[in-house]
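So the chains spell out like this:
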Amino acid sequence: DPRDPKNFSRARKWTITLLCCAFCGIIAAATSSYSISYESMMKDLNCTQLQATLGLSLYAIGFGIVPLVSSSFSEECGRRPIYIVSSVLFFLAEVMDALAPNIQTVIVSRALQGIFGACSFSLLGGSIPDIWQPHERGLPMSLLAFSSSFSFGLGSAFGGLISASPHLGWRWVQWVHVMFTGAFVLCVILVMNETRSSIILTHIAKDTRKMTGDPRYRSGAEIDKPTMSSLIKASCTRPLYLLFTEPIVQSFSLWIGLVWGIVFCLFESVTTEFQSIYNFSAGDTGFVLLTHLIFYFNSVGAIIGFMANMYQETLYRKNFPVKSQEARLYIPCIAAIVLPVSMFIYAWTASPNIPWIVPLIGLTAFASCTSIIYQISFLYVADCYGPYASSAQAGQGLARNLTALMFPLFTQQMFAGMTYKWGLTLWALLSAFMAPIPWVLFFYGSKIRSRSKVSREILEAEQQKWDGNTTIVSSPTEEKSMQV
């Protein structure tokens, strides 16, 4: 049936996938470009760095809390309406940011960007599985992770170049975002299709009732349909239940939470560290060079991470019959070791006596590992929790973005008290402490899942995985269940 999202043409599938990647890139670039334009903003609005940092932190917390609620609305309304409404509101919040007369308005607008951006961002991980079969998701999910990692660097590059110009400044960084987001909104309205199968089946059943005049045609989603309040309650409580009771969700939440917190710390520290150690703040030329270096380590790291993820997909297909879901963890096990090593390199080589290319190599390796861990935190959890994947990812996202909220608030104070070397060494030691997580899951993940009540329920659900595509047809001549 061509109406089934998994039977869409490849052109339509890739159009939807690329739109998802574009929005993922917009969200990432809005994070890094904001942090690198602090100096211009503080001069223009006469605010402190802590106030500017609050705008970064509140932007992140929206991505941790909003998905707990927004998934309920997607079950009721579908994905496309939420994409349209939230992206329009995100666009208006960016306009508010660009026109802000004071730092208080900037903080409010950044909080709104986080809320509205999270509504669409929380659907990206579901839109890809909606249209691609499990064995086809490797490349689309790799592109999604790549677009996020690459755009962190791209946002730093154009944000630094624009904010350094005396004729432009931080406001034009926001206006550039407004332009790209506006183009995305138009594409969503004109191109994006509904991909949630239950919503499509509901529309088919409504059209059938209208054409036949028979009210007994019902989709599966319309039978015993839960109320919106019960949907919101379930979507808010189930992620927390999985986060506090499931070892796999807990361990990956700790790991990706620490990594994400370090990423946001680096937003706060890379610029100032290179300026203080290598004197890149000496005039516009030095600052321009710094923005190029930040773009280099993010973009090259993203490319390496993308290539590693593609090789991981090959290993997954080859070893899935033997290792099952744990076949996702070959490359992440290596990344778990490389990550703390890269942090030690960055911490102990950032010195006036050592060329800047050496710590940059450490940062590039760190960016590659981040890209790998970011993708696998979605794929492995989705494989393990099947119909509960969105809830497991929402719980994981809450943990990840809570660290993104908290870490930048004490980063500057920590480095002022401990110096960059020892502050970064602390992060490296914590990363090394987390390194056994993928190794333990690689060898014992199946045993851990076998003892989980939720995993046993999922095994039963997988045996009835096509039940969600069932439309109940009650006609005058027959009562039967029909696959649409």
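Just above sits the structure.
Trainee: Let's hear about the overall build of the chain: which residues, and what values?
Mentor: From N to C terminus, the chain includes 17 helices and 3 strands. Of all 484 residues assigned to the chain, the portion counted as buried reaches 56%. Here the contacts in the chain between residues at least 6 apart in sequence split such that 79% fall between residues at least 24 apart. Only carbon and sulfur atoms are counted for the fraction: they give 67% of the accessible area of the chain, which is about 20500 Å².

Trainee: Describe the side chain of T370, and please don't skip the residues or the numbers.
Mentor: The residue T370 is located in helix α14 (residues 357-385) in this model. Judged by its relative accessible area of 8%, T370 falls in the buried class. With residues near it in sequence (within four places) discarded, T370 still touches V259, W260 and V263.

Trainee: Tell me about the side chain of S253, and please be specific about residues and values.
Mentor: Among the structural elements, S253 can be located in helix α11 (residues 247-278). Owing to a relative accessible area of 4%, S253 belongs among the buried residues under this scheme. If sequence neighbours within four positions are ignored, S253 has contacts with L243, G395, Q396 and A399.

Trainee: I'd like a rundown of helix α2 (residues 38-45), residues and numbers included.
Mentor: Listed in full, the buried residues belonging to α2 are Y38, S40, M41 and L45. Seen from one end, α2 has its buried residues packed into an arc of 165°, which puts them on one side. N46, located one to two residues past α2, shows a positive phi value of around 55°.

Calculation criteria
- Residues numbered from 1 in each chain as written.
- Predicted model: local features only at pLDDT ≥ 70, side-chain atom pairs only at ≥ 80, totals over all residues.
- Heavy atoms only, no water.
- Helix = DSSP H or I, 4+ residues; strand = E, 2+ residues; numbered from the N terminus.
- Buried < 20%, exposed > 50% of the residue type's maximum accessible area, 1.4 Å probe, protein only.
- Contact = heavy atoms within 4.5 Å.
- Areas by Shrake-Rupley, 256 points an atom, 1.4 Å probe, with all protein chains shown as cover.
- Arc of directions from axis to C-beta.

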